[in-house]
Amino acid sequence: MHEIAINNIKYEGLETETILEAGLSNDVYIAHSCKSGRCNSCRCKVLSGETKLISPELGLNDEEREEGWILSCVRSPLSSLKISCDDVLDRAVPEVKLCPARIDSLQLLTKDVLQVTLRLPPSSKLDFYPGQYIDVLAFGLSRSYSIANAPRVDSKITLIIKRVPDGRFSEYWFDQAKENDLLRIKGPYGTFFLRETQTNKLVFFATGTGIAPIKAMLEARLLDNDSPMGDVKVLWGNRYRDDFFELGFSDMSDMSGINLIKCVSREDADPAFKSGYIQDVFLADDKQMLSDTALYACGSSEMIAASEQKMRAMGHPAKQFFKDAFVASGGGEEL
Ligand SMILES: Cc1cc2nc3c(=O)[nH]c(=O)nc-3n(C[C@H](O)[C@H](O)[C@H](O)COP(=O)(O)OP(=O)(O)OC[C@H]3O[C@@H](n4cnc5c(N)ncnc54)[C@H](O)[C@@H]3O)c2cc1C
Ligand code: FES
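Residues numbered from 1 in each chain as written. Chains lettered and ligands numbered in written order. Predicted model: local features only at pLDDT ≥ 70, side-chain atom pairs only at ≥ 80, totals over all residues. Heavy atoms only, no water.

A few words now on the pairing of strand E11 (residues 113-119). Two faces make up the sheet, and in a regular strand the side chains alternate between them. Burial within E11 is extensive, with 6 of its 7 residues counted as buried. Bridge analysis of strand E10 (residues 97-110) against E11 gives 7 bridges, and the strand direction is antiparallel. Bridge pairing in E11 places Ile103 opposite Leu118. Here E10 folds back onto E11, and the loop between the two strands holds 2 residues. Pairing of E11 with strand E14 (residues 157-162) involves 6 bridges; the strand directions are antiparallel. Note on E14: the bridge partner recorded for Gln115 is Ile160. (Buried < 20%, exposed > 50% of the residue type's maximum accessible area, 1.4 Å probe, protein only. Helix = DSSP H or I, 4+ residues; strand = E, 2+ residues; numbered from the N terminus. Pairing = 2+ DSSP bridges.)

Right under this line is the structure:
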């Protein structure tokens with residue numbers, strides 16, 4: 001057993017468990033998502049002590065390595081450790097459960113985006129924070145998908161799934177799945193949900209189906225009469241106009257406080273769409289509101305890395321940047 005001190009919170013960890021796992025079992029919630037060294041959400045800096053690498057730290061770049069950053073989901077303690085982390089949560093996350101789920105409905109939203117609604121048995125209920133994700137388990141494999149809705153009275157869960165060419169689960173979802181198919185789901189996972197921050201200015205960056213957890217957060221906020229919507233800007237990027245789909249709100253941009261900006265990276269701008277990468281479109285308009293803005297980014301790891309770097313260079317505080325990268329599910333074996 002080794003003592004781990006993270007931002008001066010102390011807990012004990014074994015050499016056989018990761019720093020993240022040991023934290024979670026001691027109610028210390030380091031921000032995380034993929035738990036497989038790919039997304040960078042669980043980044044921590046080692047101030048003193050030795051760690052052991054358990055699997056590759058694919059989510060770190062060379063500069064971060066040189067600066068002493070590690071990914072706490074793939075490293076275990078080899079001695080007492082002192083580490084710092086930009087994002088340790090001040091509240092517990094809901095309990096992870098494994099439950100059966102049947103496909104309630106399937107709806108094609110674009111030629112390669114499918115909306116899947118799952119229903120749970122009446123005896124099962126999955127508590128989650130809007131923005132979290134679940135693992136779907138089938139054929140001895142597991143894949144992660146964000147829950148795209150706020151918690152519902154009927155406990156149904158909606159996923160928004162993009163077809164990945166030659167993807168094992170993509171083939172199932174798009175070519176074989178049918179209503180009433182029985183699957184298993186496990187979760188909720190991740191820490192991509194609305195945080196208590198000092199600011200009411202919220203900016204969301206999404207690429208592709210990365211809009212799913214953001215839709216869940218906004219839906220929950222719209223349904224919650226006690227939390228004012230605040231000043232909310234959503235920048236949603238896709239390559240082409242045809243890649244966009246309805247979000248299920250009658251018209252999000254008409255909802256009080258939400259400004260939805262759709263960006264296309266491979267077509268020209270027109271009155272309904274801006275042209276360019278979302279982070280560039282945002283910065284072209286909004287440099288002055290950066291320091292007091294909480295920014296939530298979800299989708300491709302390229303967009304997230306580029307956004308984080310640009311926002312940081314413009315003075316946006318690291319503690320107000322929350323991210324969820326849709327990296328390939330690590331290994332993907334059923335847990
Ligand atoms: C926390 C988290 C949440 C996620 N939420 C969603 C979601 O809400 N909606 C959604 O559509 N997807 C989401 N994903 C991605 C999803 O888990 C799968 O990785 C993806 O759907 C591909 O699975 P597959 O079995 O079809 O492809 P696989 O058989 O796993 O892969 C086939 C090939 O595609 C590559 N590949 C796999 N996934 C990706 C990817 N995401 N980007 C680029 N290349 C890839 C693989 O490296 C491989 O070469 C999420 C991932 C994570 C980690
Ligand atoms: S890299 Fe650790 S949670 Fe994704």
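Picking up where we left off.
All right, on to the sheet that holds strand E13 (residues 141-146) then. What holds strands together in a sheet is hydrogen bonding between their backbones, with the strands either parallel or antiparallel. In spatial order, the strands read E13-E12-E15-E10-E11-E14; together these 6 strands make up an open sheet with antiparallel pairing. Two strands in the sheet have a free side with no partner beyond their single neighbour: E13 and E14. Direction aside, neighbouring strands of the sheet carry axes that sit 40 degrees apart on average. Packing of helix H3 (residues 168-176) onto the sheet brings it into contact with E10, E11, strand E12 (133-138), E13, E14 and strand E15 (182-189), and relative to E13 it is tilted by some 70 degrees. (Axes fitted to C-alpha atoms, helices over the stretch in contact; angles between N-to-C directions. Contact = heavy atoms within 4.5 Å.)

Turning our attention to the domain arrangement of the protein chain. A common way to report how large an interface is uses the accessible area buried once the components associate. Per the domain assignment, the segments making up the protein chain are domain 1 (2-89), domain 2 (97-189) and domain 3 (201-325). For domain 2 versus domain 3, the separation of C-alpha centres amounts to 24 Å. Domain 2 puts 13 residues into the contact, and the matching count from domain 3 is 14 residues. Buried surface at the junction of domain 2 and domain 3, summed over both partners, amounts to about 1,100 Å²; 68% is from carbon and sulfur atoms. Interface area lost by domain 2 to domain 3 is led by Ala148, Ala150 and Ile160, which between them contribute 35%. Seen at the junction of domain 2 and domain 3, the total is 0 salt bridges. Where domain 2 meets domain 3, there are 2 residue pairs in polar contact (both at pLDDT 80 or more). When residues of the side of domain 2 that touches domain 3 are traced back to their parent elements, those giving at least two are E10 and E14. In terms of residue count, the dominant contributor to the side of domain 2 that touches domain 3 is E14 (3 residues). (Domains from an automatic or database assignment. Buried area = accessible area lost by both parts, 1.4 Å probe. Salt bridge = Lys/Arg side-chain N within 4 Å of Asp/Glu carboxyl O. Polar contact = N/O pair within 3.5 Å; in protein donor to acceptor, adjacent residues only side chain to side chain.)

Along the chain, the position of Leu81 falls in strand E8 (residues 81-84). Sequence separation of Leu81 and Gly140 is 59 residues, and the distance between their C-alpha atoms is 37 Å. Dropping the residues within four chain positions of it, Leu81 is found in contact with Glu3, Ile4, Ala5, Ile19, Ser48, Gly49, Glu50 and Thr51.

Quick look at H3 now. Structurally, the α-helix is built with 3.6 residues per turn, so residues lying three or four positions apart point the same way. Residues of H3 that are buried include every one of Phe169, Ser170, Tyr172, Trp173 and Phe174, and no others. On its buried face, H3 sits against E10, E11, E12, E13, E14 and E15.

A few words on the nonpolar core. Counting 28 residues, the largest nonpolar core has Phe204, Ile214, Val234 and Tyr296 as its most contacted members. Element by element, the count of residues in this core is highest for helix H4 (residues 211-223), at 5 residues. Residues lining this core come from more than one domain, with at least three contributed by each of domain 2 (97-189) and domain 3 (201-325). When near neighbours in sequence (up to four residues on either side) are disregarded, Tyr296 contacts Phe192, Phe193, Leu194, Arg195, Leu202, Val203, Phe204, Phe205, Ile214, Met217 and Phe322. If you look at the next biggest cluster of nonpolar residues, it comprises 25 residues, including Val116, Leu126, Val136 and Phe174. (Core = buried A, V, L, I, M, F, W, Y, C linked by side-chain atoms within 4.5 Å.)

Here we take up the packing of aromatic side chains. Tallied over the full model, the rule gives 14 aromatic pairs. Taken together, a centroid distance of 4.7 Å and an interplanar angle of 70 degrees make the contact between Tyr129 and Phe193 edge-to-face. Here Phe193 lies in the loop between E15 and strand E16 (201-207) and Tyr129 lies in the loop between E11 and E12, a separation of 64 residues in the sequence. Each residue in the set Phe139, Tyr145, Phe169, Tyr172 and Trp173 is aromatic and connected to the rest through ring pairs, giving one cluster. (Phe/Tyr/Trp six-rings, centres within 6.5 Å; stacked < 30°, edge-to-face > 60°.)

Our focus in this paragraph is the pairing of E12. With respect to burial, E12 is a largely interior element, 6 of its 6 residues being buried. The side-chain alternation of E12 yields two buried faces, one formed by Tyr133, Asp135 and Leu137 and the other by Ile134, Val136 and Ala138. Bridging between E12 and E13 involves 6 bridges; their strand directions are antiparallel. Pairing of Ile134 across the sheet is with Tyr145, part of E13. In sequence, E12 turns back onto E13 through a hairpin of 2 residues, with Phe139 there showing a positive phi of about 50 degrees.

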